[in-house]
Amino acid sequence: RKSGIYLTVLGFGEGNYNDVIAQNLAQAGNGVAAYIDTLNEARKVLGREFRSTLFPIAKDLKFQVEFNPAVVAEYRLIGYETRLLNREDFNNDAVDAGDVGAGTTVTALYEITPVGSGGELVDPLRYDDADATGLSDEIAFLKMRYKLPGSDVSQLIERPVTAELVYGDVADAGADAQFATAVAAFGQKLKGSAYGAGMSWDAIEDLARAGRGSDEGGYRTEFIGLVETARLLKPDAATER
């Protein structure tokens, strides 16, 4: 990794594949891990996405989101459990983080509870004296750090997230946002999380179909098939027979 050679870990076969080890090796080597179980998955990893592992455009990419307590009562990051950093690590260029290759995108999803919505699950802090009344038009403040290939010094980008960026419905946010939301909901529901209980398999499938788009390679259609299979294996209580 220090010499600029990244490690990509590919898993094949059945019965002896250890996803945790593969992920740990790939993260230590600034690469990616993938499990290839079908021909379509092989085309995706070794064809469409392969150049992203060969041509990194940013390394040690870090995101830090600060929510305005005057607007957001609670928030929850969905996923990225293996990529969480301590707050103080954001400005520390010696701390390793994820890398981004050519032609790839990064999506981070947060579930938020607006102040006064009645959906709060946690009691307010007694001694929270944060005064954000002068920034009521901001929902959050986004910071991003990244290093250019060959550099050891990070660059900083800062942007406020204002109310004008908010969509009234996920359908207005575009196909990619709809599909990413469907995948996140699928993961929550599949592992039995209480956060996913309020969304049915039908609702997840409808959201995925709405976000399918042109679907080059058929990968989003394949995901819709997984939702249909999950519905059969673990039906919603209202549809059980």
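Remember, predicted model here, so these are calculated numbers, not experimental data.

Draft legend 1. Looking closely at the packing of aromatic side chains. Here the structure, examined in full by the defined rule, presents seven aromatic pairs. Chaining the aromatic ring pairs together yields one cluster made of Phe179, Phe186, Trp201 and Phe223. Taking the ring centre of tyrosine 219 as reference, the NZ or CZ of lysine 44 above it sits at 5.5 Å. When the ring centre of tyrosine 195 is taken as reference, the NZ or CZ atom of arginine 76 above it lies at 3.6 Å.

Draft legend 2. Seen up close, the sheet that holds strand S3 (residues 56-67). The strand order across the open sheet built from four strands is S5-S3-S7-S8, with neighbouring strands paired in antiparallel fashion. Looking at strand neighbours, the two that pair on one side only are strand S5 (98-101) and strand S8 (155-162), the edges of this open sheet. If you compare each strand with its neighbour and ignore which way they point, the axes differ by 35° on average. As paired elements, S3 and strand S7 (residues 138-147) share seven bridges and run antiparallel to each other. Within S7, the position partnered with lysine 62 by the bridge is arginine 145.

Draft legend 3. Spotlight on a nonpolar patch on the surface. Among the surface-exposed residues, Leu10, Phe12, Leu46 and Phe50 lie close enough to one another that they form a single nonpolar patch of about 350 Å² accessible area. One can find leucine 10 in strand S1 (residues 9-11). Judged by relative accessible area, which is 31%, leucine 10 ranks as partly exposed.

Draft legend 4. Inspection of the pattern of salt bridges at higher detail. What the rule picks out here adds up to nine salt bridges. Salt-bridge contacts for aspartate 60 lead to lysine 147; the nearest nitrogen and oxygen are separated by 3.0 Å. Residue aspartate 60 is found in strand S3, and its partner lysine 147 is found in strand S7; the two are separated by 87 residues along the sequence. Just as aspartate 60 is buried, lysine 147 falls in that class too. Glutamate 228 serves as the salt-bridge partner of arginine 209, at 3.0 Å between the closest nitrogen and oxygen. With arginine 209 in helix H5 (residues 201-210) and glutamate 228 in helix H6 (residues 219-233), this pair connects stretches of sequence that are 19 residues apart. Classification of glutamate 228 by relative accessible area gives partly exposed; the value is 31%. Members of the salt-bridge network, linked through shared partners, are Asp202, Glu205, Arg209, Glu228 and Arg231.

The rules behind each value
Residues numbered from 1 in each chain as written. Predicted model: local features only at pLDDT ≥ 70, side-chain atom pairs only at ≥ 80, totals over all residues. Heavy atoms only, no water. Phe/Tyr/Trp six-rings, centres within 6.5 Å; stacked < 30°, edge-to-face > 60°. Lys NZ or Arg CZ within 6 Å of the ring centre and 35° of its normal. Pairing = 2+ DSSP bridges. Helix = DSSP H or I, 4+ residues; strand = E, 2+ residues; numbered from the N terminus. Axes fitted to C-alpha atoms, helices over the stretch in contact; angles between N-to-C directions. Patch = residues over 30% accessible without salt bridge, like charges linked within 9 Å, V, L, I, M, F, W, Y side chains within 5 Å. Areas by Shrake-Rupley, 256 points an atom, 1.4 Å probe, with all protein chains shown as cover. Salt bridge = Lys/Arg side-chain N within 4 Å of Asp/Glu carboxyl O. Buried < 20%, exposed > 50% of the residue type's maximum accessible area, 1.4 Å probe, protein only.

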